[in-house]
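A look at the structure
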Amino acid sequence: MGITGLFLISFLMVHCFLNSLIFINDGGETFNLGAEFMAKNWVIRAMEIVLFGGLLWHIIQAAILTRENIKARPVAYAASNPSANSKWYSRSMGLLGTILLIFLIIHLRHFWVVSRFTDEITSGRETLFNEMKEVFSQLWVVILYCLAMVSLGYHLLHGFKSAFQTLGWNHVKYNAIIEKTGVIISIVLPVLFAAMPIAIYMGLIK
Amino acid sequence: MSGNMNLTLKVWRQKNKNAEGKLVNYQVKDISPDMSFLEMIDVLNEQLIVKGDEPIAFDHDCREGICGMCSLYINGRPHGPKDRITTCQLHMRSFEDGQTITIEPWRAASFPIVKDLAVDRSAFDRIIASGGYVSVNTGNAQDANSLPIGKEDADLSFAAAACIGCGACVAACKNASAMLFVSAKVSQLALLPQGQPERYLRVHNMVAKMDEEGFGNCTNTGACEAECPKGISLSNIARMNRDFFVAGIASDN
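Rules used throughout
Residues numbered from 1 in each chain as written. Chains lettered and ligands numbered in written order. Predicted model: local features only at pLDDT ≥ 70, side-chain atom pairs only at ≥ 80, totals over all residues. Helix = DSSP H or I, 4+ residues; strand = E, 2+ residues; numbered from the N terminus. Buried ≥ 20, exposed ≤ 12 C-beta atoms within 10 Å, placed from the backbone. Contact = placed C-beta atoms within 7 Å. pLDDT = per-residue confidence, 0-100. Pairing = 2+ DSSP bridges. Axes fitted to C-alpha atoms, helices over the stretch in contact; angles between N-to-C directions. Core = buried A, V, L, I, M, F, W, Y, C linked by C-beta atoms within 7 Å. Domains from an automatic or database assignment. Parallel < 35°, antiparallel > 145°, perpendicular 65-115°, else oblique. Left-handed = near helix turned anticlockwise from the far one by under 90°. Nonpolar A, V, L, I, M, F, W, Y, C, P; charged D, E, K, R; others polar. Expected span 1.5 Å × (residues − 1).

What to know about the overall build of chain A
Each helix and strand in chain A was counted, giving nine helices and zero strands. For chain A, the sequential pattern of α-helices and β-strands runs α-α-α-α-α-α-α-α-α. Expressed as a percentage of the 206 residues in chain A, the buried residues total 25%. Across chain A, the fraction of contacts at a sequence separation of at least 24, relative to all contacts at a separation of at least 6, is 78%.

Concerning the overall build of chain B
Broken down by element type, chain B carries eight helices and seven strands. On the principal axes, the C-alpha backbone points of chain B span a range of 60 × 40 × 35 Å. Per-residue burial over chain B gives 42% buried out of 253 residues. Considering only contacts within chain B whose residues lie at least 6 apart along the sequence, 71% involve residues at least 24 apart.

Quick word on the confidence of the model for chain B
Averaged over chain B, the pLDDT score is 96; the fraction of residues at 70 or greater is 99%. With a pTM of 0.95, the predicted complex shows an ipTM of 0.93.

Things to note about the sheet that holds strand S1 (residues 5-13) of chain B
Residues and elements named next belong to chain B. Across the sheet, which stays open at both edges, the five strands sit in the order S2-S1-S5-S3-S4 with mixed pairing between neighbours. Every other strand in the sheet has two partners, leaving strand S2 (22-31) and strand S4 (77-78) as the edge strands with one partner each. As defined by bridge partners, S1 adjoins S2 across eight bridges and the pair is classed as antiparallel. Note on S2: the bridge partner recorded for Leu9 is Tyr26. Its contacts with the sheet place helix H1 (residues 37-50) against S1 and S2, and it is angled at close to 100° to S2.

Some thoughts on unusual backbone geometry
Positive phi, close to 55°, is recorded for Arg63(B), a residue that is not glycine. Inspection of the secondary structure assignment puts Arg63(B) in the loop between H1 and strand S3 (73-74).

So, the nonpolar core
In terms of nonpolar packing, the biggest core is built from 63 residues, with Cys169(B), Val170(B), Ala178(B), Leu180(B), Phe181(B) and Val182(B) touching the most fellow members. Tallying contributions element by element places helix H5 (residues 179-190) of chain B first for this core, with eight residues. Of the domains in this structure, domain 1 (5-114) and domain 2 (121-250) of chain B are the two that each give at least three residues to this core. With sequence-adjacent residues up to four places away left out, Phe181(B) is seen in contact with Phe124(B), Cys163(B), Gly165(B), Cys169(B) and Val170(B). One finds Phe31(A), Ala35(A), Met132(A) and Met196(A) within the second-largest nonpolar core, a separate group that totals 25 residues.

Topic: the packing of helix H1 (residues 2-19) of chain A against helix H8 (residues 139-166) of chain A
Residue and element names in this part refer to chain A. Taken N-terminus to C-terminus, the directions of H1 and H8 make an angle of 130°; their axes are 9 Å apart at the nearest point. When the axis of H1 is compared with that of H8, the two are oblique. In this structure, the crossing between H1 and H8 has a hand that is left-handed. Between H1, through Gly2, Gly5, Leu6 and Ile9, and H8, the contact on the second element is made entirely by Leu156, Gly159, Phe160, Ala163 and Thr166. Here the residues of the contact of H1 with H8 sort into five nonpolar, four polar and no charged.

What to know about the interface of chain B and chain A
Where the parts come together, the accessible area they lose is often given as the size of the interface. Taken together, the contact between chain B and chain A spans 34 residues of the former and 27 residues of the latter. At the level of elements, strand S5 (100-104), helix H7 (223-227) and helix H8 (235-250) of chain B are the ones that each hand at least two residues to the side of chain B that touches chain A. Per-class residue counts for the side of chain B that touches chain A are 13 nonpolar, 14 polar and seven charged.

Focus on the domain arrangement of chain B
Residue and element names in this part refer to chain B. When its domains are assigned, chain B resolves into domain 1 (5-114) and domain 2 (121-250). Computed from C-alpha coordinates alone, the two centres of domain 1 and domain 2 are separated by 29 Å. Taken together, the contact pairs 18 residues of domain 1 with 17 residues of domain 2.

A few points about helix H6 (residues 199-212) of chain B
All names here are of chain B. Taking 1.5 Å as the rise per residue, H6 with 14 residues should run 20 Å; its terminal C-alpha atoms sit 20 Å apart, in good agreement. Within H6 the residues assigned to the buried category are Arg202, Val203, His204, Met206, Val207, Lys209 and Met210. Those residues of H6 that are buried are in contact with helix H2 (122-129), H5 and H8.

Some points on the pairing of S1(B)
The pairing of S1(B) with S5(B) spans four bridges and is parallel. In the strand pairing of S5(B), Leu9(B) is matched with Ile101(B).

Brief notes about the packing of helix H3 (residues 151-161) of chain B against H5(B)
All names here are of chain B. Closest axis-to-axis distance for the H3/H5 pair is 8 Å, and the angle between their directions is 150°. Considering the relative orientation of H3 and H5, their crossing is left-handed. Only Ala184, Ser187 and Gln188 of H5 make contact with H3, whose side of the interface consists of Ser157, Ala160 and Ala161. Residues belonging to the contact of H3 with H5 are distributed by class as follows: three nonpolar, three polar and no charged.

Structure below.
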């Protein structure tokens, strides 16, 4: 889970950086350039396959581990006070991840499928930036994306440092840096991502 | 005596491993706040015996917090509401007069219930037997510093060796994972020169045994460390993961 998790975080960073180009507010010119580069570069195309593999492996591992974990405690406690010893989001990674998966399916339908499998964008008649403006003109989409980003924030808040612990990359000298980096990533990425639909919906991005 | 407490207890009663169990309500009266939790159960058991009922079976031995025998999941936490103590060191003053206390056994497929609140923790013994030792006689105590060991490593090893194998880590973990226990037993030897020859074989075998015994997986919630009566650190789990990784790629076992 750790390796795939960190890999997926590295993707999120690239994704977040490229999409943040809309904040330049130049009518999507820079953003479209970036999107075109990503669409035409064969290294990126190859990485897309690795990315889907990594995502799938992350989900499969989670499913296997969850099954084993349920089997390891067949009888639940009648009285349980888990908040006394652990954070709720560290115990809810499966739930947060499932919310993210549902979001991801809708998100891929919104952008990936449209940009890859319909000829409006591939033929150059339409741009990804315009697609973004259209999708984010719907209020329910904006709300859904924001809720999903809350999920992402908590998922990363546990996931980032948990990955380092799982991989054994743990040292008194670096633990504080890992912890702080995790917190920063879990705030900055979701906030930037959520700001995109909000800004477009409110008409701040022309 | 004034200040004594009356309590309602909900205790898990189960005849044997295969029987159906259930929570049974008991009233205990005039409990001294200075009694330990186990002494409070002793009082209840004396009442039960006088009435001709079956006393409640529960594990206990040294009653001074060092043997690891007492267990009990009290009001949703292993060893009750206080941090870093065993149940025998928990006193009734940690509870309120009139309070309802739910007492359950450790819940894990790998810790089958023997009777009532007593569980079979021999899975831990089998994990130790799979590699938690050094295969040489260490003989008598040597001259000081004939075998140099860094102070930090000695301290870390000693801290890991403080594990009393009570199983609170498994009981607390939402996945019933034994990683904290196993990592303490791996680390105490991995940090010392005597543990080096078998270091990677040990971690390989002990983790394999742990999985075979049916314990769950570690998701790093940290519940084990928070509930451990001896304060065993999560860094032991990271060390074990590191060693396990090396064992997987670089050793011939």
